[in-house]
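Descriptive analysis of the structure
Residues per chain, in single letters:
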Amino acid sequence: MAYVVTDNCIKCKYMDCVEVCPVDCFYEGENMLVIHPDECIDCGVCEPECPAGAIFPDTDPSATPEWQALNLKYASAWPNIIEKKEPPADARDWDGVPGKFDRYFSKAPGGE
Ligand code: SF4
Ligand code: F3S
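The following refers to the structure shown. The structure presented is a predicted model; accordingly, all values stated were derived computationally and were not measured.

Attention now goes to the side chain of Ser106. Considering the arrangement of structural elements, one finds Ser106 in the segment after α5 (100–104). By relative accessible area, Ser106 is classed as buried at 10%. In terms of polar contacts, Ser106 uses its side chain to reach the side chain of Glu30, at 2.4 Å. If sequence neighbours within four positions are ignored, Ser106 has contacts with Glu30, Asn31 and Trp78.

Structure below.
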């Protein structure tokens, strides 16, 4: 079991989740984060902390097999993030916009 970051993280990227994860298993892309499923200890602490409601347990229908595969793939490609940074200035404008993955997902790694 693991928790999974899904569509509404894209372009919101609040990073509150990073602050509470006890095992630092978040990885940073240009405009979203993912969770490494082999490192997540399934504590559930991050789920209520996400202002965008983008994190779900892998037992939830919102954590589709596609999102689970994406979290695994990019957690292996993107850099680890252990501290919250400044969220995008327009994060609130993107909260709840449907179908962000198709139009805005970036494969680029995050970080400085
Ligand atoms: Fe980290 Fe716990 Fe969230 Fe897994 S469920 S990503 S271990 S805070
Ligand atoms: Fe994304 Fe929510 Fe974390 S928007 S960066 S999963 S706090």
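This part takes up the pattern of salt bridges. For the structure shown, the criterion picks out three salt bridges. When the shortest N-O distance is used, the salt bridge between Lys13 and Glu28 registers 2.8 Å. Placement of Lys13 in the loop between β1 (3–5) and α1 (16–20) and of Glu28 in strand β2 (residues 26–28) is noted, with a sequence separation of 15 residues between them. Each member of the pair, Lys13 together with Glu28, is buried. Lys85 is the partner of Glu28 in a salt bridge, and the nearest nitrogen-oxygen pair spans 2.7 Å. Of the two residues, Glu28 sits in strand β2 while Lys85 sits in the loop between α3 (65–75) and α4 (91–94), which places them 57 residues apart along the sequence. Put simply, Lys13, Glu28 and Lys85 are held in one network by salt bridges that share partners.

A full pass over the atoms with the stated rule returns two cavities of 30 Å³ or more. As for the largest cavity, its lining consists of 15 residues, and the residues nearest its centre are Cys9, Tyr14, Met15, Cys17 and Cys50. A per-class count over the lining of the largest cavity returns 13 nonpolar, no polar and two charged. Estimated volume of the second largest cavity: approximately 60 Å³. As for the second largest cavity, its lining consists of Cys21, Val23, Cys25, Phe26, Ile35, Cys40, Ile41, Asp42, Cys43, Gly44 and Cys46. The class makeup of the residues in the lining of the second largest cavity is nine nonpolar, one polar and one charged.

If you check the shell around ligand 2, you find Val5, Cys9, Lys13, Tyr14, Met15, Asp16, Cys17, Leu33, Cys50, Pro51, Ala52 and Ile55 and nothing else. In this structure, ligand 2 is accommodated by the largest cavity. Of the residues assigned to the shell around ligand 2, the class counts are 10 nonpolar, no polar and two charged.

Rules behind the numbers
- Residues numbered from 1 in each chain as written.
- Chains lettered and ligands numbered in written order.
- Predicted model: local features only at pLDDT ≥ 70, side-chain atom pairs only at ≥ 80, totals over all residues.
- Heavy atoms only, no water.
- Helix = DSSP H or I, 4+ residues; strand = E, 2+ residues; numbered from the N terminus.
- Buried < 20%, exposed > 50% of the residue type's maximum accessible area, 1.4 Å probe, protein only.
- Polar contact = N/O pair within 3.5 Å; in protein donor to acceptor, adjacent residues only side chain to side chain.
- Contact = heavy atoms within 4.5 Å.
- Salt bridge = Lys/Arg side-chain N within 4 Å of Asp/Glu carboxyl O.
- 1 Å grid on protein atoms, 1.4 Å probe; cavity = no way out; pocket = protein on both sides within 12 Å on 5 of 7 lines; lining within 4 Å.
- Points joined across faces, edges and corners; volume = space filled by probe spheres on them.
- Nonpolar A, V, L, I, M, F, W, Y, C, P; charged D, E, K, R; others polar.
- Near = heavy atom within 4 Å.
- Sits in = over half its atoms within 2 Å of the grid points.

The values are spatial; any link to function lies outside them.
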